[in-house]
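These are the residues of each chain, in order.
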Amino acid sequence: MSDATYPVFETFHSWQGEGEHVGRSAFFIRLYGCPIRCPWCDSAATWQNSPEILRKIRHTTAAELATVAAATKPDFVVITGGEPTIHNLAPLCDALHAAKLRVHLETSGAFEICGNVDWITLSPKTKKLPLRNNLTRADELKLIIGDKADLFFWAKEIAGCTARSVWLHPEWSQRENPDVLAAISAWVRDSGSPYRAGWQLHKLYGAE
C-alpha cells in the first residue's frame, strides 16, 4: 500500500556516518515518535511534543517518500527515528524496493520489525531491551558506552547474537573521556571479533 502515511520528522541526503557502511551516500527518512526516550538521545526532537516540533511533522505517503529518495540516487535509504518500528514499515519498504532502492533500518530492536529490509542496524537501549528475535536478525549492533560497566552489561545481554559486527560507540558526552575510550580500546583488543571501536564520523565533518 504505497498510500500508507508516515509521520516524517525530516528527510535528507547525506552519507552514513557509522558502522559497516560508513562514508556511503545515503538518503535518510527520520520518522517521528519513540516511547523509549533515552536522556542522552541525539535526536530527542523526534519524540518531544512542543507545538513547534509538532508543526514540523509532515504526514507523507510511502510512494511520495520513495519518489523523493529515488531522485537523490543514494546507495541506500536509511529508515530511522525516533524509533521507526513503532510504525508498520512494510508499505514503505515495498515502495522503496519498487523504486529500486536498498533499505536499511536503524532501530533499538525493542519492537517487532514489520517490513522487508535489506540491512538492520540494531542499537539496543537499557530502558527497553531488544527482542531476542531481533538480536538474531541484526546485521550489525551499535552499543552506546557511557562507562566501563556498560561493556559488561551488554556483553551479557547480547550473548548469542550473530551480527557480523558489534560497534562500541562512546556516548557523545563522553567522547573525550579517556577512561571510556580506554575501556572500549581494551575491550576490542582483548575480545576481538565481532567487537569494533566505533565513532559518529559524520559529526566530525559537521554533516547531518
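Residues numbered from 1 in each chain as written. Predicted model: local features only at pLDDT ≥ 70, side-chain atom pairs only at ≥ 80, totals over all residues. Heavy atoms only, no water.

Asker: Run through a nonpolar patch on the surface, naming residues and quoting values.
Answerer: Judged by side-chain polarity, V22, L201, L204 and Y205 come together as a nonpolar surface patch covering roughly 400 Å² of accessible area. Among the structural elements, V22 can be located in the loop between β1 (5-15) and β2 (25-31). What makes V22 partly exposed here is its relative accessible area of 38%. (Patch = residues over 30% accessible without salt bridge, like charges linked within 9 Å, V, L, I, M, F, W, Y side chains within 5 Å. Areas by Shrake-Rupley, 256 points an atom, 1.4 Å probe, with all protein chains shown as cover. Salt bridge = Lys/Arg side-chain N within 4 Å of Asp/Glu carboxyl O. Helix = DSSP H or I, 4+ residues; strand = E, 2+ residues; numbered from the N terminus. Buried < 20%, exposed > 50% of the residue type's maximum accessible area, 1.4 Å probe, protein only.)

Asker: Summarise the sheet that holds β1; cite the residues concerned and give the values.
Answerer: The strand order β3-β1-β2-β4-β5-β6-β7-β8-β9 describes an open sheet built from 9 strands, whose pairing is mixed. At either margin of the open sheet sits one strand with a lone partner, and together these are β3 (58-61) and β9 (195-197). Sheet twist, expressed as the average angle between the axes of neighbouring strands with direction ignored, equals 30°. Relative to strand β6 (residues 119-122), strand β5 (residues 103-107) runs parallel, the two sharing 4 bridges. Looking at the pairing, L105 lines up with I120 of β6. (Pairing = 2+ DSSP bridges. Axes fitted to C-alpha atoms, helices over the stretch in contact; angles between N-to-C directions.)

Asker: I'd love a proper account of empty space enclosed by the protein, names of residues and values included.
Answerer: Inspection of every chain in the model, using the stated rule, returns 2 cavities of 30 Å³ or more. Taken as a whole, the largest cavity spans an internal volume of roughly 70 Å³. What lines the largest cavity is Q16, E18, G19, E106, T121, E140, L141, K142, W167 and H169. Elements with a contribution of two residues or more to the lining of the largest cavity: β7 (140-145) and β8 (165-170). Top contributing element to the lining of the largest cavity by residue count: β7, with 3 residues. Of the residues assigned to the lining of the largest cavity, the class counts are 2 nonpolar, 4 polar and 4 charged. Estimated volume of the second largest cavity: approximately 40 Å³. Together, Q16, H21, V78, H104, L105, E106, W119, T121 and E140 line the second largest cavity. Those elements that provide at least two residues to the lining of the second largest cavity are β5 and β6. For the lining of the second largest cavity, the element with the most residues is β5, which contributes 3 residues. (1 Å grid on protein atoms, 1.4 Å probe; cavity = no way out; pocket = protein on both sides within 12 Å on 5 of 7 lines; lining within 4 Å. Points joined across faces, edges and corners; volume = space filled by probe spheres on them. Nonpolar A, V, L, I, M, F, W, Y, C, P; charged D, E, K, R; others polar.)

Asker: Lay out helix α3 (residues 90-98) in plain terms, naming residues and giving numbers.
Answerer: For α3, the full list of buried residues reads P91, L92, C93, A95 and L96. As for α3, its buried residues are in contact with β1, β2, α2 (62-71), β4 (76-80) and β5. Positive phi shows up at K100, right after α3, with a value of about 65°. (Contact = heavy atoms within 4.5 Å.)

Asker: How would you sum up the side chain of H21? Please name residues and give values.
Answerer: Topologically, H21 is positioned in the loop between β1 and β2. For H21, the side chain forms a polar contact with the side chain of R24, separated by 2.8 Å. Each residue touching H21, except ones within four places of it in the same chain, is listed here: Q16, F76, H104 and W119. (Polar contact = N/O pair within 3.5 Å; in protein donor to acceptor, adjacent residues only side chain to side chain.)

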